[in-house]
Amino acid sequence: GTSGGIVDLKGSGFGFIRPDTGKVNDKDLYFHCTAVNKNCPFDELRVNDEVSYEAIIDERKNHPTARNVTLKNGGSSKKREASRSDSRRR
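Caption draft 1: Quick peek at the packing of aromatic side chains. Inspection of the entire model under this criterion finds four aromatic pairs. Aromatic pair Phe16 and Tyr30: ring centres 5.9 Å apart, planes at 70°, arrangement edge-to-face. One end of the pair, Phe16, is in strand β2 (residues 14–19); the other, Tyr30, is in strand β3 (residues 29–32), with 14 residues separating them in the sequence. The exposure class of Phe16 is partly exposed, given its relative accessible area of 22%. The rings of Phe14, Phe16 and Tyr30 are connected pair by pair, giving a single aromatic cluster. Stacked on the ring of Tyr30, the Lys or Arg Lys61 has its end atom at 5.9 Å from the ring centre.

This is the structure in structure tokens:
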């Protein structure tokens, strides 16, 4: 795996990782909420969290993307209450 830090998160279910080695083709690495490790819900990720991931090429878009995104050290922020009545959800 590879590691980096989260630089952006979108409420619509995706985000971007800045690899520790720097941007890829002058871009941060895209990831979708379905690419996040099941032990670490997307809703618990925060900007500046350190994560590990696997870099792969998205076959459809031919862009690098991250999968198996996992928080390192349990994350930088306190976990939120795991309530499912989150009004942000669709």
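Picking up after the structure, the text goes on.
Caption draft 2: Region of the structure containing the layout of surface pockets. Estimates place the volume of the second largest pocket at around 170 Å³. Around the second largest pocket, the lining residues are Phe16, Val24, Asn25, Lys27, Asp28, Leu29, Tyr30, His63 and Pro64. Elements with a contribution of two residues or more to the lining of the second largest pocket: β3 and β5 (63–71).

Conventions used here
Along every chain, residues carry numbers that run from 1 in the direction the sequence is written. Reporting of local features is limited, given that this is a predicted model, to residues whose pLDDT is at least 70; pairs of side-chain atoms are given and counted only at 80 or more, and all residues count toward the totals for whole chains, interfaces and linings. For the side-chain quantities, the full set of heavy atoms in the structure was used; hydrogens and water were omitted. Two aromatic rings, drawn from Phe, Tyr or Trp (for Trp, its six-membered ring), form a pair once their centres lie within 6.5 Å of each other, and the interplanar angle then sorts them: stacked below 30 degrees, edge-to-face above 60, tilted otherwise. Put simply, DSSP H or I for four residues or longer makes a helix, DSSP E for two residues or longer makes a strand, and each gets a number counted from the N terminus. The rule is simple: take the accessible area with a 1.4 Å probe, protein chains only, and divide by the maximum for that residue type; under 20% is buried, over 50% is exposed, in between is partly exposed. A ring has a charge above it when a Lys NZ or an Arg CZ is no more than 6 Å from the ring centre and no more than 35 degrees off the ring normal. In the cavity and pocket records, a cavity denotes points on a 1 Å grid over the protein atoms alone where a 1.4 Å probe fits but cannot get out, a pocket denotes an open set with protein on both sides within 12 Å along at least 5 of 7 lines, and lining residues are residues with an atom within 4 Å of a point. Grid points are joined across faces, edges and corners, and a volume is the space filled by probe spheres set on the points.

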